[in-house]
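Coordinate inspection notes
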Amino acid sequence: MSKILCLLSLVVLLLGADASPLSSIKLGLQRFVNKVAGSNNKKRTDGELKSGIAKLYDDSTGIWLDVWGEDLHHGYYPSKDYKDHKAAQVDMIDRSLEWAYTDGKGDRAHDQSILQAALHRMKAFVDVGCGVGGSSRHIARKYGRQGLKGFGISLSPYQIERASKFTAAANLTDTLEYKVADAMNMPFKDNSFDLVWSMESGEHMPNKLNFMKELYRVAAPGGRVLVVTWCHRELKPDEKGLTPSELKLLGKINDAYYLPDWVPGSQYVEIAQQLGLKDVRMTDWSQQVAPFWPAVMKSILQPRNLFRLLLASPPTTIRGAMASWWMLQGARKGLVKFVLITGKK
């Protein structure tokens, strides 16, 4: 049944938003898919969320690697017509670091020189929610110095296995080490890292306060915490919460991606300030990542990928593919935001 629903949802996408002769068919199919494959309104426990996301990543990372490569996150697009998606994903790492260490408002060459100097003094860093280690390998190769030590953690044993293999192939095993571990209870001592890096893992954390406490705990004095995460839009002064339709859309995404309730970026800022982080800043890069989800949808619809998805993928991966459409809807509605938060301990 899940595969049939996924196929129907992809048919909806193929018809396109502007295909007026087929608009009634599109609308009917869309309503059917949304009704049957939508949120089940069941509140998952923390344990169910953690085991669910671990299984989702165990099941789906292989196909993502084949299609998109080692970086399991959004890309940064300097313009809407920029088409090098893998380069955009690597650029997201550099630009995020530039923004955190320099505010990213100056000349890029100048910002890179400041960043290079800052990270060259770095002794240790941790990649929280590391995927297969794409970010940590890039940081180690481009910004590392002799004696640098980096760690990556993920709930997914498959991701950690692949991260270790990719790192061995890159001759970085003396620099980088990966562990299956929980970001809410990391196996590291207090004050361990000059950089605590979290690229698109905060959205999975059921308790944002405890998550941020843990990032703060392992950061060394003078170290930097950088969180890049999905958030929902900021509420207007006269609003008490999101609209029912917005909550329904996020509920569908939560079901597919094993996410807890969403929060606005301002909640991360408030927590960071409460914990004592200094110079706390936030920015919204929703426009800079806007081409990403349409590109994901196009990659799903390529015949080789589509047949593999429908014929050989488990239900968790199929639901994740369907959720790409809901993420795209959320972004276009201004509901789903791509937010960066940083501060110094």
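What counts, and at which threshold
- Residues numbered from 1 in each chain as written.
- Predicted model: local features only at pLDDT ≥ 70, side-chain atom pairs only at ≥ 80, totals over all residues.
- Heavy atoms only, no water.
- Core = buried A, V, L, I, M, F, W, Y, C linked by side-chain atoms within 4.5 Å.
- Buried < 20%, exposed > 50% of the residue type's maximum accessible area, 1.4 Å probe, protein only.
- Helix = DSSP H or I, 4+ residues; strand = E, 2+ residues; numbered from the N terminus.
- Contact = heavy atoms within 4.5 Å.
- Salt bridge = Lys/Arg side-chain N within 4 Å of Asp/Glu carboxyl O.
- Pairing = 2+ DSSP bridges.
- Right-handed = clockwise from strand over helix to strand, strands pointing away.
- Polar contact = N/O pair within 3.5 Å; in protein donor to acceptor, adjacent residues only side chain to side chain.

Considerations on the nonpolar core
- By size, the foremost hydrophobic cluster in this structure holds 61 residues, and its most contacted members are Leu97, Ile139 and Tyr257.
- Per-element accounting of this core gives the leading share, 8 residues, to helix H13 (residues 315-332).
- Apart from the residues within four sequence positions on either side, tyrosine 257 is in contact with Ile53, Leu56, His204, Trp230, Trp293, Gly320, Ala323, Ser324 and Met327.
- Ala183, Val196, Ile271 and Leu277 belong to the second-largest nonpolar core, a separate cluster that totals 31 residues.

Focus on the pattern of salt bridges
- Counted under the stated rule, the structure contains 16 salt bridges.
- Note that lysine 50 is salt-bridged to aspartate 182, the shortest N-O span being 2.7 Å. Within this pair, whereas lysine 50 is found in helix H3 (residues 46-68), its partner aspartate 182 is found in the loop between strand S3 (176-180) and strand S4 (193-199), the two being separated by 132 residues in sequence.
- The residue glutamate 98 makes a salt bridge to arginine 108 at a minimum N-O spacing of 2.6 Å. One end of the pair, glutamate 98, is in helix H4 (residues 85-102); the other, arginine 108, is in helix H5 (residues 108-120), and 10 residues separate them in sequence.

Remarks on the pairing of strand S2 (residues 149-154)
- The buried fraction of S2 amounts to 5 of the 6 residues, a majority that puts the element mostly inside the structure.
- Pairing of strand S1 (residues 124-128) with S2 involves 5 bridges; the strand directions are parallel. Looking across to S2, one finds that phenylalanine 125 is bridged to glycine 150.
- Between the parallel elements S1 and S2, the chain passes through helix H6 (residues 134-143) in a crossover that is right-handed.
- Here S2 runs beside S3; their pairing, made up of 5 bridges, is parallel. Looking at the pairing, glycine 152 lines up with tyrosine 178 of S3.
- Read from S2 through helix H7 (residues 157-169) to S3, the crossover connection turns out right-handed.

What about the side chain of arginine 233?
- Tracing the backbone shows arginine 233 in the loop between strand S5 (219-232) and helix H9 (244-257).
- Here glutamate 239 takes part through its side chain, which lies 2.8 Å from a polar atom of the side chain of arginine 233.
- Of note is the side chain of arginine 233, whose polar atom sits 2.9 Å from the side chain of glutamate 246.
- Ignoring anything within four residues of it in the chain, the contact list for arginine 233 reads Glu239, Leu242, Thr243, Glu246, Pro264, Gly334, Leu335 and Lys337.

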